[in-house]
Amino acid sequence: MDLEARSLQPNVKAVLLAKLREYKSDLNNLKSEHKRLASANSNQAARDDLLESGMADAMSVSANQRGRLMMSTERLNESSDRIKESRRTMLETEELGVSILQDLHQQRLSLLHANDTLHGVDDNISKSKKILTNMSRRMSRNKWIISSIIVVLVVAIALILYFKLSK
């Protein structure tokens, strides 16, 4: 997840890296608290077992110690639950990030394909414009040629009629 966050744009990257550092520090804090509670519980239980054997009112001390042990166990369980919840949130965030990256990749590919298609269409339009320009020039030239032929024929007919009628 760290690598994916580093490969993003700077404005998104800073936010995600800050969140990631925060999640990592929370996870480390919860782990250290879990270890501290686990070691405190085991040391406390061993100490209480040794002290119980020498005391006269072992039952009242044992009940007190059991209460403290149950509170410690409850706190430990709550910490474990928080760690599990943090891990679940981290995994959901990672899945969401991967999904967003995949969507962005697909959109990038679509934009690149559209750009390539647009360039192809632009090239085709340029070729068509050249062809139409050439056709227009040829059409104009053909009009002039046909007009010239018509004028020559009219002059030839007029000359023929003039010579035929003048005799």
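Residues numbered from 1 in each chain as written. Predicted model: local features only at pLDDT ≥ 70, side-chain atom pairs only at ≥ 80, totals over all residues. Heavy atoms only, no water.

## Here's the deal with the overall build of the protein
Stage number 1. Looking only at helices and strands, one finds three helices and zero strands in the protein.
Stage number 2. Listed by position from the N terminus, the elements making up the protein come as α-α-α.
Stage number 3. Per-residue burial over the protein gives 8% buried out of 167 residues.
Stage number 4. Of all intrachain contacts in the protein linking residues separated by at least 6 positions in sequence, the fraction that spans at least 24 positions is 62%.
Stage number 5. Carbon and sulfur atoms make up 62% of the accessible area of the protein, which amounts to about 14000 Å² in all. (Helix = DSSP H or I, 4+ residues; strand = E, 2+ residues; numbered from the N terminus. Buried < 20%, exposed > 50% of the residue type's maximum accessible area, 1.4 Å probe, protein only. Contact = heavy atoms within 4.5 Å. Areas by Shrake-Rupley, 256 points an atom, 1.4 Å probe, with all protein chains shown as cover.)

## Quick notes on the pattern of salt bridges
Stage number 1. The final tally for this structure, using the stated rule, is three salt bridges.
Stage number 2. Residue Glu33 is joined to Arg82 by a salt bridge in which the shortest nitrogen-to-oxygen separation is 3.8 Å. Taken as a pair, Glu33 in helix H2 (residues 10–54) and Arg82 in helix H3 (residues 58–166) lie far apart in primary sequence, 49 residues in all.
Stage number 3. Assessed through its relative accessible area of 41%, Arg82 is described here as partly exposed.
Stage number 4. In this structure, Glu92 and Arg88 form a salt bridge, with 2.3 Å as the shortest nitrogen-oxygen distance. With a gap of four residues between them, Glu92 and Arg88 both fall in helix H3, about one helical turn apart.
Stage number 5. Take Glu92: its relative accessible area is 43%, and that puts it in the partly exposed class.
Stage number 6. Relative accessible area serves as the criterion here: at 38%, Arg88 is assigned to the partly exposed category.
Stage number 7. Salt bridges linked by common partners bring Glu85, Arg88 and Glu92 together as one network. (Salt bridge = Lys/Arg side-chain N within 4 Å of Asp/Glu carboxyl O.)

## Concerning a nonpolar patch on the surface
Stage number 1. Together, Val151, Val155, Leu159, Tyr162 and Phe163 give the surface a local cluster of nonpolar side chains, amounting to about 510 Å² of exposed area.
Stage number 2. Position of Val151 relative to the elements: it lies in helix H3. (Patch = residues over 30% accessible without salt bridge, like charges linked within 9 Å, V, L, I, M, F, W, Y side chains within 5 Å.)

## A closer look at the environment of Ser72
Stage number 1. Among the structural elements, Ser72 can be located in helix H3.
Stage number 2. In sequence terms Ser72 and Leu37 are 35 residues apart; their C-alpha atoms lie 7.1 Å from each other.

## A word on the confidence of the model for the protein
Stage number 1. For the protein, the average pLDDT comes to 85, and 84% of its residues sit at 70 or higher.
Stage number 2. The secondary structure element of the protein with the lowest average pLDDT is helix H1 (residues 2–6), at 66, and the one with the highest is H3, at 91. (pLDDT = per-residue confidence, 0-100.)

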